[in-house]
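Structural overview for review
The residues making up each chain are set out below.
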Amino acid sequence: MPTENELKSYLERASKALDLTTAKLEREQARNDAPIAVVSMACRYPGGVDSPEGLWDLLAAGGDAVSGFPDRPGWDVAGLFDPDPDVVGATYARGGGFVHDAGLFDAGFFGVSPREAERLDPQQRLLLETSWEVIERAGLPPSSLDRSLTGVYVGSQGSDYLNRHSAHLELLDGHLGTGSMSSTASGRLAYTLGLQGPAMTVDTACSSSLVALHLAMQGLRRGECDLALAGGATIMSTPTALVEFSRQRGLAPDGRCKPFSDAADGAGWSEGCGMLLLERLSDARANERDVLAVLRSSALNQDGRSQGLTAPNGPAQERVIRSALDAGGLGPEDVDAVEAHGTGTALGDPMEAHALLSTYGKDRSDQNPLYLGSVKSNIGHPQAAAGVAGVMKMVLALRHEELPRSLHAENPSGQIDWSAGNMRLLDEAVSWPVESGRVRRAGVSSFGISGTNAHVIVEEAPSSAEAEEAQRVGNGAEGSLLDVAVPLVVSGGSGAALRANAGRLAEFLARGVGVSLVDVGLSLGVGRGVFGCRGSVVASSVEQAVGGLRALAGGESGVGVSVSSGSGVSAGGVSSGSGVSWGSVGVLFAGQGSQRVGMARGLAGVDGVFRADVEELASAFEGLLSRSLLSVMWGEESSGGEEFSGGEDSSGAGGSEVGGLLAGTEFAQPALFVVEVALFRRLWRLGVAPGVLLGHSVGELVAVYVAGGLSL
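The structure contained in this document is the topic of the report that follows. Position labels on residues start from 1 in each chain and follow its written sequence. At least 70 in pLDDT is required for a residue's local features to be given in this predicted model, at least 80 for side-chain atom pairs to be given and counted, and no such filter applies to totals for whole chains, interfaces and linings, which use all residues. The basis for every side-chain value is the complete set of non-hydrogen atoms in the structure, without hydrogens or water.

A tally of helices and strands in the protein yields 24 helices and 20 strands. A burial count over the protein gives 50% of its 712 residues as buried. By the convention used here, residues are in contact when the closest approach between their heavy atoms is within 4.5 Å. Of the contacts formed within the protein by residues at least 6 apart in sequence, a portion of 78% connects residues at least 24 apart. Residue burial considers only the protein chains on display, and all accessible areas are found by Shrake-Rupley using a 1.4 Å probe. Surface accessibility of the protein: about 31000 Å² in total, with carbon and sulfur atoms responsible for 52%. Only DSSP runs of H or I covering at least 4 residues are called helices, and only runs of E covering at least 2 are called strands; the numbering of each starts at the N terminus. Only protein chains enter the accessibility calculation, which uses a 1.4 Å probe; a residue whose area is less than 20% of its type maximum is buried, one above 50% is exposed, and one in between is partly exposed.

Let us look at the pattern of salt bridges. Between side chains of opposite charge, pairing is possible as soon as their charged atoms come close. Here, a salt bridge means any side-chain nitrogen of Lys or Arg that lies within 4 Å of a carboxyl oxygen of Asp or Glu. Under the defined criterion, the tally for this structure stands at 29 salt bridges. Taking the shortest distance from any N to any O, the salt bridge between Glu507 and Arg550 comes out at 3.2 Å. In this pair, Glu507 is assigned in helix α16 (residues 495-511) and Arg550 in helix α18 (residues 542-553), connecting sequence segments 43 residues apart. A relative accessible area of 41% means that Glu507 is categorised as partly exposed.

What follows covers the sheet that holds strand β16 (residues 561-563). The strands that make up a sheet pair up through hydrogen bonds in the backbone, lying either parallel or antiparallel. Overall, antiparallel pairing links the 3 strands, which are arranged β14-β15-β16 in an open sheet. The open sheet terminates on both sides in strands that have one partner only, identified here as β14 (486-492) and β16. The mean angle between the axes of side-by-side strands here comes to 20 degrees, regardless of whether they run parallel or antiparallel. A pair of strands counts as paired when DSSP detects no fewer than two bridges linking them. Taken together, the 7 bridges between β14 and strand β15 (residues 533-539) define a ladder with antiparallel strand orientation. Within β15, the position partnered with Gly492 by the bridge is Cys533. Relative to the sheet, α18 contacts β14, β15 and β16, its axis offset from that of β15 by approximately 155 degrees. Helix axes use the C-alpha atoms of the stretch in contact, all axes being lines fitted to C-alpha atoms, and the angles between their N-to-C directions lie in the range 0 to 180 degrees.

Let's shift gears to the packing of α16 against α18. At their nearest, the axes of α16 and α18 sit 8 Å apart, and the two run at 155 degrees to each other. What the angle tells us is that α16 and α18 run roughly antiparallel. Crossing of α16 over α18 shows left-handed handedness. In this structure, α16 uses Arg499, Ala502, Gly503, Leu505, Ala506, Glu507, Leu509 and Ala510 to contact α18, whose residues at the interface are Val542, Ala545, Val546, Leu549, Arg550, Leu552 and Ala553. Note on residue categories: nonpolar means Ala, Val, Leu, Ile, Met, Phe, Trp, Tyr, Cys or Pro, charged means Asp, Glu, Lys or Arg, and polar means any other residue, Gly included. In terms of residue class, the contact of α16 with α18 is made up of 11 nonpolar, 1 polar and 3 charged. Oblique is the label for any angle not covered by the other classes, which are roughly parallel (under 35 degrees), roughly antiparallel (over 145) and roughly perpendicular (65 to 115). Left-handed is the label given to a crossing in which the near helix is rotated counterclockwise from the far helix by less than a right angle, and right-handed is the label when the rotation is clockwise.

This part takes up helix α8 (residues 208-221). By this rule the span expected of a helix is its residue count minus one, scaled by 1.5 Å. Look at α8: 20 Å from first C-alpha to last across 14 residues, which is about the 20 Å you get at 1.5 Å a residue. Among the 14 residues in α8, 12 count as buried, and that is most of the element. Along α8, the residues that are buried comprise Ser208, Ser209, Leu210, Val211, Ala212, Leu213, His214, Ala216, Met217, Gly219, Leu220 and Arg221. Gly223 lies just past α8 and shows a positive phi near 80 degrees.

A word on the sheet that holds strand β5 (residues 272-280). Taken together, the 11 strands give an open sheet; going across it, the order is β3-β2-β4-β5-β1-β6-β13-β12-β7-β8-β10, and neighbouring strands pair in mixed fashion. A strand with exactly one partner marks an edge of an open sheet, and here the two such strands are β3 (199-202) and β10 (423-425). Each neighbouring strand pair of the sheet contributes to a mean axis angle of 25 degrees, computed without reference to strand direction. Pairing between strand β1 (residues 36-44) and β5: 8 bridges, direction antiparallel. When the bridges of β5 are listed, Cys43 appears paired with Gly274. Sheet strands touched by α8: β1, β2 (150-155), β3, β4 (227-234), β5, β6 (293-302), β12 (441-447) and β13 (452-460). Its angle to β6, the strand with the most contacts, is close to 115 degrees.

Here's what the structure looks like:
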């Protein structure tokens, strides 16, 4: 029999092991539930949409992007349409949603040879373009992700580009396979950008991009990647999809989806490409990203055996919604709106609506209806790019505080029992304002014709004191940063590209409301790739910037407009120029003798993060010096609670006495250490990563400290 002491010792060990196991399980659960931040978006959709801003303009205006058939190789437009659905080899749909310039591609920019580019599926071309853009829109130079743990998750329904060419065996030159295989849709992105996280292409038909998003969220939570590209693309290189679904009588004759409408008469096929850049929310905050929205939770399931392989399954849709809610620890009342799959078919829409009524619509107050809409009413059904389009719509709606109207919704479908719950079809735009103490959320559904269902819950980005401070400072509060001239640096791989980029930036600034010129200048300086042809505009106002950029775009001279000698740009125009080779950056830290009273006080007055660094570093010397270091540096009696004037004083408020103190080694070297380390941290946050550190006198200690060789 164990003694009392032995039993006590055993119980203590068991209790400690239980505590450790509980803590481990809690950490694991927290990791599995970690919210995922959407830090950037890029897209191409019908209606000339080539940016998230363009997509919102289309949605907010109630735009209809459906058009006639595209003029592109592989489409015999003249003989394609026939109103008789029984005519073989034709379609009774008169149009759809098309990305009419999908074939345009700057192959040289991505290092693709002309021959390979000709064999490259337009889907892969758009994925390359939007991936580059989504990284830059996050304020990251794409080159900075080389060898990074960044994942790639792409939704794709295969390639009819391959089918169009493979019938001609003489055209098989070794590039067609890699140019059209589903696996290389993701693999090419990883190869081009040097990404070393997971890379995969998902094909679950219409739910492909939302399934890809779900997998990206899992990859981030498991630590398989630190950033993730997630999206999807569909470009119809032939009219095969239109002809095939015409035989099934599944298309709307006018090519338009009319979700949940009494006028619904089938799906309208369309095209598109959408790409998101995702990051764990905790990392996004630590890296000071602009968080557009948060992906709270998601779920997948399958119809299994139902009415038919391609028939939707209402109970399965209910289950996937409930699973997504459970995964986020949410109830139905916590979600305000649903961006539905909503293809506009007689079978699918009523089944989806009743699943939503059963899960989200019951027991809701009259003041809290579930709002229902679908982006497909505007752009058609972009197939593998549909789910990500729905997510982008909801992210934009959260940021603009408005749920845009769903087209063709004037007369809700009579096949739906709307009285079964409190659900309202968005026949008009509805204000969706931020509410104190309540988080706005939306569900996004996507259902594949093969039976794979996905549901994602999107919520507004959490408020951030740091973001509010940055916005306050960027708008000129407490020491107007807008009073200074800001350099806007633009570059391109050719003179024409430089001019085009300058023109696009000018239009962005012209249409922007509350745009911070400082933020734009920072993003251009450290968040963009640098190319051989370069130009810059120095401006102290948005109006000056727009004028200078338009001059640069037009090849004209202007005040504050300059170009690099390597760009071949002149006042009369822009021509191609050679690139410039960049070397490693070196930083030299000065020694004693460079100090002065009031140094760095002006910057601390307008940069709260820099000010916090100075105060943190100065606090390390408390009790070691005969007076407060900041009071000597800035000529003050005390630094506690002092408001910053934003000015610098070479003589100091304390007069010659303070100046004499700062001239002595006791205060001079600590002051230089504090200012130089704080300045180095600021440069580091701006993206300056030196390869060489040098120092003189006390500057040597600064160099060793910032290199990690010393601690405070």
